[in-house]
Amino acid sequence: MLKCVDIYSEAMTCRLVIYFTFFFCFLVSLVPLVHSNNQLDTNFYEGSCPNLATIVRYAVWSAIKNDNRMAASLLRLHFHDCIVNGCDASVLLDDTPYFTGEKNAFPNRNSLRGLEVIDNIKEQVERQCPSTVSCADILALAVREAIDLVGGPSWPVALGRRDAITANQMAANQQIPSPFESLDNIIAKFTSKGLNLRDVVALSGAHTIGYARCLTFQRRLFDFQGSGKPDPLLASSLLSKLQNTCPNRDTSTSNIAPLDANSTLTFDNEYYRNLVSNRGLLESDQALLGDQRTAAMAYFYSTDQSSFYNDFAASMVKLSNVGVITGIQGEIRKKCGYVN
């Protein structure tokens, strides 16, 4: 009788071992699938939304044709999204009873542009591929297309981001670099996101297109560092023009001036040439030439546009991967300004 029980127990044990071994192997076989679904991939929408790139490119082309400032605005929109808790389209969210959006954070208030372009693309994409493509991915693609369309470099955009279900105005106020900040602070904000010194210098080159409000540089023109005088480094020919554009009164703070007066609408390396000739518009821009950690790179980019393009593209890939959410995190918003 004891021998029969022992034989039966051994048989059951063998069956259990076989069962759990099979089940474990089955789970292990799923790990690559789960892992791959949570990673960004340039072909992420190849089957689910094959016309995505075409929709985005045509919409961005139309937007730039109607508003030649739009390429710079989309680039800034993407940066202000990614630098605040990652590239999750949180910057696109409107205020709700449950959270305050980032649109009215100090760096964004009355200056954030391009929202309607992303909304328009999203609407078109939803018609063809409902509840499939995230607003975060649309924004990342739109920026790549915008820079390419104004003469800049292109770069691969890996896709599969999900959209945030909340926003953080306090984080936007704290994490977005300010033109009034020291270079040390700006570098610290970049490095906190996994970006390095080269990324700081290369991404600053985004200021080769677009405009800035007088508010962001007016003190350089009339009261630099509380001196009651203009910034002595600022080229006198540029100073005169800027003082006409931004007279020393509160009503002029919303006026705008080109970040790169020489080739405002073309993405090139003229920004760095401006720095070399003391024609950088923002204090934070000109500071790159005054710091030994960044000066050599800025000088190099002023003489080698190809290297600038290569490094800018590489830095944009890094930026667009900061803090992304994937897999089952977040959601695919049906409208970019609202949580589903």
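Residues numbered from 1 in each chain as written. Predicted model: local features only at pLDDT ≥ 70, side-chain atom pairs only at ≥ 80, totals over all residues. Heavy atoms only, no water.

Participant: Describe the packing of aromatic side chains, with residues and values.
Facilitator: In this structure the tally under the stated criterion is 14 aromatic pairs. Between Phe79 and Phe190 the ring centres are 5.8 Å apart and the planes differ by 35°, which places this aromatic pair in the tilted class. Taken as a pair, Phe79 in helix α3 (residues 70–82) and Phe190 in helix α7 (residues 183–191) lie far apart in primary sequence, 111 residues in all. By the burial criterion, Phe79 is buried, and Phe190 matches it. Relative to Phe312, the ring of Phe267 lies with its centre 4.9 Å away and its plane at 55°, an arrangement referred to as tilted. Note that Phe267 is positioned in the loop between β2 (256–258) and α11 (270–276) and Phe312 in helix α14 (residues 305–320), a separation of 45 residues in sequence. The pair Phe267 / Phe312 is uniform in exposure class, with both members buried. (Phe/Tyr/Trp six-rings, centres within 6.5 Å; stacked < 30°, edge-to-face > 60°. Helix = DSSP H or I, 4+ residues; strand = E, 2+ residues; numbered from the N terminus. Buried < 20%, exposed > 50% of the residue type's maximum accessible area, 1.4 Å probe, protein only.)

Participant: Kindly report on α3, identifying the contributing residues and their values.
Facilitator: Since the α-helix packs 3.6 residues into each turn, any two residues three or four apart lie on the same face. Between the first and last C-alpha of α3 there are 18 Å, a value that for 13 residues agrees with the 18 Å anticipated at 1.5 Å per step. Counted residue by residue, α3 has twelve buried out of 13 residues, so it is predominantly covered. Residues Met70, Ala71, Ala72, Ser73, Leu74, Leu75, Leu77, His78, Phe79, His80, Asp81 and Cys82 constitute the buried set of α3. Summarising the contacts, the buried residues of α3 are in contact with α2 (52–66), α4 (115–128), α5 (135–149), α7 and α14. (Expected span 1.5 Å × (residues − 1). Contact = heavy atoms within 4.5 Å.)

Participant: Give me the environment of Ser306: which residues, what numbers.
Facilitator: With respect to the helices and strands, the residue Ser306 is situated in helix α14. By relative accessible area, which is 45% here, Ser306 ends up partly exposed. Separated by 38 residues in the primary sequence, Ser306 and Asp268 place their C-alpha atoms 9.4 Å from one another.

Participant: Could you give an account of the UniProt feature "binding site: Ca(2+) 1" (unreviewed entry) in the chain, naming the residues involved and the relevant values?
Facilitator: Residues annotated in UniProt with the feature "binding site: Ca(2+) 1" (unreviewed entry) correspond here to Asp81, Val84, Gly86, Asp88, Ser90 and Glu102. Maximum C-alpha separation among the annotated residues is 13.0 Å over a sequence range of 22 residues, consistent with a single clustered spot. Within the secondary structure layout, Asp81 lies in helix α3. Judged by relative accessible area, Asp81 falls into the buried class, the value being 1%. Once residues within four sequence positions are removed from consideration, Asp81 is found in contact with Gly86, Cys87, Asp88, Ala89, Ser90, Val91 and Leu139. A relative accessible area of 1% places Gly86 in the buried class. When residues no more than four places from it in sequence are discounted, the contact partners of Gly86 are Asp81, Val322 and Gly323. (UniProt positions renumbered as here; feature names shortened; annotations may be inferred.)

Participant: I'd like a description of the confidence of the model for the chain, backed by residues and values.
Facilitator: Averaged over every residue, the pLDDT of the chain is 90; residues scoring 70 or more account for 89%. With pLDDT under 50 throughout, residues 1–37 is counted as low confidence; its partners more than four residues away or in other chains account for two contacts. (pLDDT = per-residue confidence, 0-100.)

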